[in-house]
Amino acid sequence: MYLRKRNSRQASPAQSQGVANESSEAGNDGGYNAGIAVFSYIVGGIIVWSLIGWGLDNLWGTRWIVLLGALLGAAGGFYLSHMHGLTRQSSSSGESNADSGPSTDGDSNAK
């Protein structure tokens, strides 16, 4: 097996500042985009699962499955947005609680 060293290149201060500016600009509208994504997941879930419930209501002659489908769609949309990390809370400094690192209270689930 042949191992080779990777050349690490240091970024100049101007380059690193440019990257910082780009990330701060992208972070300014991140909340808006996340909000639109959460809204789309929830409303899309309600619409899709309501239509499925409506179809089953017509097929089986019931009237309550459409409501169950709407509730299932809303819960599924929120679950998807939560799994994609769109519903996390951020601290006042702009970083999320998950980005701050592990807790220091000594209660760790790591094995």
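Rules and cut-offs
Residues numbered from 1 in each chain as written. Predicted model: local features only at pLDDT ≥ 70, side-chain atom pairs only at ≥ 80, totals over all residues. Heavy atoms only, no water. Helix = DSSP H or I, 4+ residues; strand = E, 2+ residues; numbered from the N terminus. Buried < 20%, exposed > 50% of the residue type's maximum accessible area, 1.4 Å probe, protein only. Contact = heavy atoms within 4.5 Å. Lys, Arg positive; Asp, Glu negative; His and termini not counted. Salt bridge = Lys/Arg side-chain N within 4 Å of Asp/Glu carboxyl O. Polar contact = N/O pair within 3.5 Å; in protein donor to acceptor, adjacent residues only side chain to side chain. Expected span 1.5 Å × (residues − 1). Arc of directions from axis to C-beta. Patch = residues over 30% accessible without salt bridge, like charges linked within 9 Å, V, L, I, M, F, W, Y side chains within 5 Å. Areas by Shrake-Rupley, 256 points an atom, 1.4 Å probe, with all protein chains shown as cover. Axes fitted to C-alpha atoms, helices over the stretch in contact; angles between N-to-C directions. Parallel < 35°, antiparallel > 145°, perpendicular 65-115°, else oblique. Left-handed = near helix turned anticlockwise from the far one by under 90°.

(A) Quick peek at the environment of G30. Assignment of secondary structure puts G30 in helix α2 (residues 30-60). Of the residues examined, G30 reaches a relative accessible area of 32% and is grouped as partly exposed. Sequence-wise, G30 and L86 are 56 residues apart; in three dimensions their C-alpha atoms are separated by 9.6 Å.

(B) Region of interest: the side chain of S50. Among the structural elements, S50 can be located in helix α2. Every residue in contact with S50, bar those within four places of it in the chain, is listed here: G45, V66, G69 and A70.

(C) Highlighting the side chain of D57. Mapped onto the fold, D57 is located in helix α2. There is no salt bridge for the buried D57, and the closest opposite charge comes from R63, which lies 7.6 Å off by N-O distance. A polar atom in the side chain of D57 sits 3.0 Å from the backbone nitrogen of V66. Excluding residues within four positions of it along the chain, D57 makes contact with T62, R63, W64, I65 and V66.

(D) Main features of helix α3 (residues 65-83). With 19 residues, α3 extends 26 Å from end C-alpha to end C-alpha; this agrees with the ideal 27 Å at 1.5 Å per step. For α3, the full list of buried residues reads I65, G69, A70, G73, G77 and S81. Axial view of α3: buried residues confined to an arc of 140 degrees, hence all on one face. Along α3, exposed side chains directed more than 90 degrees from the buried face belong to L67, L71 and Y79. In this fold, the buried residues of α3 make contact with α2. Directly beyond the C-terminal end of α3, a positive phi value near 75 degrees is found at G85.

(E) A nonpolar patch on the surface, seen in detail. Together, F39, V43, I47, L51 and W54 line one region of the surface with nonpolar side chains, adding up to about 530 Å² of accessible area. Note that L51 resides in helix α2.

(F) Structural context of the environment of A34. Take A34: it is sitting in helix α2. For the pair A34 and L86, spaced 52 residues apart in the sequence, the C-alpha separation amounts to 5.6 Å.

(G) Quick look at the packing of α2 against α3. Remark: α2 packs on α3, axes separated minimally by 7 Å, with the N-to-C direction vectors making an angle of 155 degrees. Considered as vectors, α2 and α3 are oriented roughly antiparallel to each other. Both α2 and α3 take part in a crossing whose hand is right-handed. Residue-level inspection shows V38, Y41, I42, G45, I46, W49, S50, G53, W54, L56, D57 and W60 of α2 in contact with α3, the latter providing I65, V66, G69, A70, L72, G73, A74, G77, F78, L80 and S81.

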